Amino acid sequence: MVEEGEGARGVPLSGHVGFDSMPDQLVNKSVNHGFCFNILCVGETGLGKSTLMDTLFNTKFEGEPTQHNQPGVQLKSNTYELQESNVRLKLTVVNTVGFGDQINKEDSYKSIVEFIDTQFEAYLQEELKIKRTLHSYHDTRIHACLYFIAPTGHSLKSLDLVTMKKLDSKVNIIPIIAKSDAISKSELTKFKIKITSELVSNGVQIYQFPTDDETVAEINSTMNGHLPFAVVGSTEEVKIGNKMVRARQYPWGTVQVENENHCDFVKLREMLIRVNMEDLREQTHTRHYELYRRCKLEEMGFKDTDPDSKPFSLQETYEAKRNEFMGELQKKEEEMRQMFVQRVKEKEAELKEAEKELHEKFDRLKKLHQDEKKKLEDKKKSLDDELNGFKQKKTAAELLQAQTQQAGSSATLKKDKERKK
Amino acid sequence: MLTGCISLFASSELGYVGIDAILEQMRRKAMKQGFEFNIMVVGQSGLGKSTLMNTLFKSKVSRRSVKTTEEERIPKTIEIKSISHDIEEKGVRMKLTVIDTPGFGDQINNENCWQPIMKFINAQYEQYLQEEINIDRKKKIPDSRVHCCIYFIPPTGHCLRPIDIEFMRHLSKVVNIVPVIAKADTLTLEERDFFKQKIGEDLRANEIDIYPQKEFDEDAEDRMINEKIREMIPFAVVGSDQEYQVNGKRLLGRKTRWGTVEVENTTHCEFAYLRDLLIRTHMQNIKDITSSIHYEMYRVRRLNENNMHPNGQPTIHANGVPEHEVLSNEM
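Just so it is clear, the model here is predicted, and its values are computed rather than measured. Throughout this description, residue numbers start from 1 for each chain and increase along the sequence as written. For this description, chains carry letters from A and ligands carry numbers from 1, given in the order in which they are written. Only residues with pLDDT of at least 70 get local features here, since the model is predicted, and only at 80 or more are side-chain atom pairs given and counted; chain-wide, interface and lining totals rely on the full set of residues. To get the side-chain values, take all heavy atoms of the structure and skip hydrogens and water.

J.: Got a minute to help me understand the overall build of chain B in this structure?
T.: Helix and strand content of chain B: ten helices and ten strands. Looking at chain B as a whole, 54% of its 331 residues qualify as buried. Contact between two residues is taken to exist if any of their heavy atoms lie within 4.5 Å; hydrogens are not considered. For chain B, long-range pairs separated by at least 24 residues make up 68% of all intrachain contacts whose partners lie at least 6 apart in sequence. Approximately 15,600 Å² of chain B is accessible, and the part contributed by carbon and sulfur atoms is 51%. In this text, helices come from DSSP runs of H or I with a minimum length of four residues, and strands from runs of E with a minimum of two, each type numbered from the N-terminal end. Three labels apply to residues, based on accessible area from a 1.4 Å probe with only protein chains included: buried if under 20% of the type maximum, exposed if over 50%, partly exposed otherwise in between. For the area figures, the Shrake-Rupley method with a 1.4 Å probe applies, and any residue is considered shielded solely by the protein chains shown.

So this is what it looks like as structure tokens:
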């Protein structure tokens, strides 16, 4: 028999118990495991995405500036291990390569959406596994999407609107105005207002810094009003006064990256890293991932039934997953078998070719040999003939010589006989 | 795919990025959400379970304190009663649930007394699993899984009784068990050491894995700390919610004619060690072991069982409870 207390009652403590150490215990565990943070940078080539990442994390990430002739939008992801005091962060930076470079940009957003979905799918697969290791799983889901807006000063491009609309239910979007040192202060204010109103009128949901926790509510709500952040990135240092600061030097002046009067870089860093990193991760997991999961499972034909038939839905779910898995396994096996058969055929054909070649070669060589032999035989024959001829001539000559000698000798004999008479 | 390992400058003016601010962000979020902890107490009646709970959490959290109108009676069967409390300390809020098991070990025939408790623990895992596999699921799944089970050993001074071994052998496979020697003020220090030694031998002989389990030590540092704890287990505890004046201070204790047993004095009893283990140092770890090991094992078993017997034959689980009983428990 099980009895439940009716809800929880508040009970006062008469002394120090010690569970106030729980947040510390939790934090220590996380420090031991390390953290994961994945940023996706979406924007046209040449908007300073890589430079901004370098500036944000104060380090030089790898990479060459990309060319402008990519045939489609590709996503390149790089993972780095950063450490600051006792915090280890596995940072993954994903760049959209070739975004906005094509003549026909209708499908540009597709590869980005596909990439984000693939990361969700990987997590979902791990979660649905029977034997799973969620606590040591390397989370590749995108936690923040920095959308780089070109500093035209007028309004958003239609590519931007379309892309952001497709992404806003899948990822936390933080729009930023890139290379904002190209815009004057007054133009910037107008630009920001235009962008914000366009986003609102098109129903694009960008990430709002959370205001439910009193500790950070004030700063977050102020910052919400400064979106989109106008940033400038630079890894070069310039001497201002007696300090070295990161800046971009022009003949008419120097734009200091960390000067809040010059650009919103400090605001971006504050919001993205120092105040809301954990919230970004949580929103990704509890909102975007859950939405993906719900849609995916519903798509696969599952739905929550009443509590009575719950056991069956569980069985069904896993039965179906298992069948799917077996089916895929079979398909893969079939594919491998076919590939193997194909390879064997190819190899056989190759070998046959080689064999044929060898035969031909052999035949050629044989023929060559026979020809040589015949030639030699002919030559031998001709030499023999010559020899025979020579012999004949020799015997003929000898005979002739003998005859002439005999004739000569008989003539001499005759002469001697006549003399004697 | 790891592309590189880069170390940032530590907190210098120019180089400071602010990644370590995530610790503070996490702390903030944890404080806002609050924590949950579910603790079960098992042992014969009269061993001071309720008092110990009250002493541990310095408030009236036990069943006895809540329902004072009920007559004290020993139930005919084992009952499982769970009561939740909201407690708060220095801004940290906790939902503490104390699960009592009156009637355990009190019958004449105590065969299979561990079964209802095992069933209850599995039912909590089942409830969590059901919520987890929902299509539309809650943002934060309510956690009613039993994180820790305190088993009370009567201070006989000899060795473990068959019921103790039976219970711990079965339950250590599904939940974190922390055995304690109850009412330890009836044992002298020598008797206590001897008793602990015998208990340790019995546990090892029966391959009973109590918390902290050796196989879950994460690294050398962990192992070192946990070895010290394993050497001391079971803790010999004394509980009290009465304060007395001792040497000018007001302390929790038990007053007898020959002296006052100070509960929080480590030379008198090991209550402080138990409290430190359960609350101040290992509470998060206890919850982690429950969720990432015990619960996962239950989940694997549960998911595999649907594939193992398609012909409808009832399976007997490793926990000894026939399948049809487990299913009916879910409804």
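Now that the structure has been shown, we can carry on.
J.: What is the right way to look at the packing of helix 1 (residues 22-33) of chain A against helix 1 (residues 21-33) of chain B in this model?
T.: When two helices pack together, their arrangement is given by the angle between their axes and by how far apart the axes lie. Relative orientation of the contacting elements helix 1 of chain A and helix 1 of chain B amounts to 140 degrees, with a least axis distance of 9 Å. Considering their axes alone, helix 1 of chain A and helix 1 of chain B lie oblique with respect to each other. In this structure, helix 1 of chain A crosses over helix 1 of chain B, and the sense of that crossing is right-handed. Only Leu23, Met26, Arg27, Ala30 and Met31 of chain B of helix 1 of chain B make contact with helix 1 of chain A, whose side of the interface consists of Pro23, Asp24, Leu26, Val27, Ser30 and Val31 of chain A. As a rule, the C-alpha atoms of each element are fitted with a line to give its axis, helices using only the stretch in contact, and angles between N-to-C directions run from 0 to 180 degrees. Roughly parallel here means an angle under 35 degrees, roughly antiparallel means over 145, roughly perpendicular means 65 to 115, and every remaining angle is called oblique. By the definition used in this description, the sense in which the near helix is turned from the far one sets the handedness, with an anticlockwise turn below a right angle giving left-handed and a clockwise turn giving right-handed.

J.: Whenever I open this one, the pairing of strand 6 (residues 144-149) of chain A confuses me. Can you help?
T.: Two faces make up the sheet, and in a regular strand the side chains alternate between them. Residues and elements named next belong to chain A. Across the six residues of strand 6, six count as buried, placing the element largely inside the fold. Residues Ala144, Leu146 and Phe148 point to one face of strand 6 and Cys145, Tyr147 and Ile149 to the other, with burial holding for every one of them. Both strand 6 and strand 7 (residues 173-177) contribute to a ladder of five bridges, which runs parallel. Within strand 7, the position partnered with phenylalanine 148 by the bridge is isoleucine 176. Any two strands are treated as partners once DSSP identifies two or more bridges connecting them.

J.: It is not clear to me how the packing of helix 6 (residues 214-224) of chain A against helix 7 (residues 265-275) of chain A should be interpreted in this structure. Could you clarify?
T.: Residue and element names in this part refer to chain A. Relative orientation of the contacting elements helix 6 and helix 7 amounts to 140 degrees, with a least axis distance of 11 Å. Between helix 6 and helix 7, the interaxial angle falls into the category oblique. Seen from above, helix 6 lies across helix 7 with left-handed handedness. Each of Val216, Ile219, Asn220 and Met223 in helix 6 lies in contact with helix 7, whose residues at this interface are Lys267, Glu270, Met271 and Val275. Ten residue types, Ala, Val, Leu, Ile, Met, Phe, Trp, Tyr, Cys and Pro, are classed as nonpolar, four, Asp, Glu, Lys and Arg, as charged, and the remainder, Gly among them, as polar. In terms of residue class, the contact of helix 6 with helix 7 is built from five nonpolar, one polar and two charged.

J.: I would appreciate a short explanation of the sheet that holds strand 10 (residues 259-262) of chain B in the present structure.
T.: Backbone hydrogen bonds are what pair the strands of a sheet, in a parallel or an antiparallel way. Residues and elements named next belong to chain B. Ordered by their spatial adjacency, three strands build an open sheet running 8-9-10, and the pairing between neighbours is antiparallel. Looking at which strands have only one partner, the edges of the open sheet turn out to be strand 8 (243-246) and strand 10. Strand-to-strand, the axes of this sheet are offset by a mean angle of 70 degrees, without reference to chain direction.

J.: Please clarify how the nonpolar core should be interpreted in this entry.
T.: Within soluble globular proteins, side chains that are nonpolar tend to cluster in buried spots. All names here are of chain A. Residues belong to a common nonpolar core when they are buried Ala, Val, Leu, Ile, Met, Phe, Trp, Tyr or Cys residues joined through side-chain atoms within 4.5 Å. Counting residues in hydrophobic clusters, the biggest one holds 89 residues, and the most contacted among them are Phe57, Leu268 and Leu272. Of the residues forming this core, the biggest block, nine residues, is contributed by helix 3 (residues 108-128). Each residue touching leucine 268, except ones within four places of it in the same chain, is listed here: Leu52, Leu56, Leu146, Ile174, Ile176, Phe229, Val231 and Ile273.

J.: Before we go on, may I ask you to explain the packing of aromatic side chains in this structure?
T.: Here the distance between the centres and the angle between the planes together describe a pair of aromatic rings. Aromatic rings from Phe, Tyr and Trp, taking only the six-membered ring of Trp, are treated as a pair when their centres fall within 6.5 Å; an angle between ring planes under 30 degrees marks them as stacked, one over 60 as edge-to-face, and anything in between as tilted. The tally for this structure, following the rule as stated, stands at 15 aromatic pairs over all chains. Relative to tyrosine 298 of chain B, the ring of tyrosine 125 of chain B lies with its centre 5.5 Å away and its plane at 40 degrees, an arrangement referred to as tilted. Pair noted here: tyrosine 125 of chain B is in helix 4 (residues 114-133) and tyrosine 298 of chain B is in helix 9 (residues 283-308), with a separation of 173 residues, a long-range link. The structure contains a cluster of three or more aromatic residues connected by ring pairs, namely Phe120, Tyr123, Tyr137, Tyr289 and Tyr292 of chain A. Note that arginine 141 of chain A overlies the ring of tyrosine 123 of chain A, its terminal NZ or CZ placed 3.6 Å from the centroid. Sitting above the plane of the tyrosine 289 of chain A ring, arginine 141 of chain A keeps its charged end 4.9 Å from the centroid. In our convention, an over-ring charge means Lys NZ or Arg CZ found within 6 Å of a ring centre and within 35 degrees of that ring's normal.

J.: What exactly am I supposed to notice about the sheet that holds strand 9 (residues 237-240) of chain A here?
T.: All names here are of chain A. In spatial order, the strands read 9-10-11; together these three strands make up an open sheet with antiparallel pairing. Each having just a single partner strand, strand 9 and strand 11 (253-256) make up the two edges of the open sheet. Ignoring strand direction, the axes of neighbouring strands in this sheet form an average angle of 65 degrees. As defined by bridge partners, strand 10 (residues 243-250) adjoins strand 11 across four bridges and the pair is classed as antiparallel. Residue tyrosine 250 lies in a different strand from strand 11, and its bridge partner there is glycine 253.

J.: Can you walk me through the environment of glycine 259 of chain B in this structure?
T.: Residue and element names in this part refer to chain B. With respect to the helices and strands, the residue glycine 259 is situated in strand 10. Overall, the relative accessible area of 28% leaves glycine 259 in the partly exposed class. Placed 146 residues apart in sequence, glycine 259 and cysteine 113 show a C-alpha to C-alpha distance of 38 Å.

J.: Looking at this structure, how should I read unusual backbone geometry?
T.: Excluding glycine, residues mostly carry a negative phi; peptide bonds, for their part, are mostly trans. For the bond running from leucine 227 of chain A to proline 228 of chain A, omega is -10 degrees, close enough to zero to count as cis. The residue proline 228 of chain A is located in the loop between helix 6 and strand 8 (229-230) in this model. A cis amide bond links isoleucine 233 of chain B to the next residue, proline 234 of chain B, at an omega of 5 degrees. Structurally, the position occupied by proline 234 of chain B is in the loop between helix 7 (220-232) and strand 7 (235-236). In the Ramachandran plot, asparagine 58 of chain A falls in the positive-phi region, its phi being about 50 degrees despite a non-glycine side chain. Mapped onto the elements of the fold, asparagine 58 of chain A is located in the loop between helix 2 (49-56) and strand 4 (74-84).

J.: Is there a simple way to think about the environment of serine 172 of chain B in this case?
T.: Residue and element names in this part refer to chain B. Structurally, serine 172 is set in the loop between helix 5 (162-171) and strand 6 (177-181). Distance in space between the C-alpha atoms of serine 172 and isoleucine 153 is 15 Å, their sequence separation being 19 residues. Discounting chain neighbours no more than four positions away, the residues touching serine 172 are Ile177, Ile208, Asp209 and His294. Any N or O atom pair separated by 3.5 Å or less is treated as a polar contact, with the protein-specific requirement of one donor-capable and one acceptor-capable atom, and with residues adjacent in sequence counted only for side-chain atom pairs. A polar side-chain atom of serine 172 sits 2.9 Å from the main-chain carbonyl oxygen of methionine 168. In this structure the side chain of serine 172 is engaged in a polar contact, spanning 3.5 Å, whose partner is the backbone oxygen of arginine 169.

J.: Can you help me understand the side chain of threonine 55 of chain B in this one?
T.: All names here are of chain B. Looking at where threonine 55 falls in the secondary structure, it is placed in helix 2 (residues 49-56). What makes threonine 55 buried here is its relative accessible area of 2%. Reaching out from threonine 55, the side chain makes a polar contact with the backbone nitrogen of serine 240 at a distance of 3.0 Å. If we skip the residues at most four places from it in the chain, threonine 55 touches Gly239, Ser240, Asp241, Leu252, Val263 and Phe271.

J.: Quick question: what am I supposed to make of the side chain of lysine 49 of chain B here?
T.: Residues and elements named next belong to chain B. Inspection of the secondary structure assignment puts lysine 49 in helix 2. His is not counted here, nor are the chain ends, while Lys and Arg score as positive and Asp and Glu score as negative. Throughout this description, the term salt bridge denotes a Lys or Arg side-chain nitrogen within 4 Å of a carboxyl oxygen of Asp or Glu. With no salt bridge to any partner, buried lysine 49 finds its closest opposite charge in aspartate 100, at an N-O distance of 4.7 Å. Not counting residues within four places of it along the chain, the set of residues in contact with lysine 49 comprises Val41, Val42, Gly43, Gln44, Asp100 and Phe152.

J.: What is the right way to read helix 6 of chain A from this model?
T.: All buried positions along helix 6 of chain A are accounted for by Val216, Ala217, Asn220, Met223 and Asn224 of chain A. Along the axis of helix 6 of chain A, the buried residues cluster in a sector spanning 145 degrees; they form a single face. For helix 6 of chain A, exposure combined with an orientation more than 90 degrees from the buried face picks out Glu214 and Glu218 of chain A. Structurally, helix 6 of chain A contributes buried residues whose contacts are with strand 8 and helix 7 of chain A together with helix 1 of chain B. The arc refers to the directions leading from the helix axis to the C-beta atoms.

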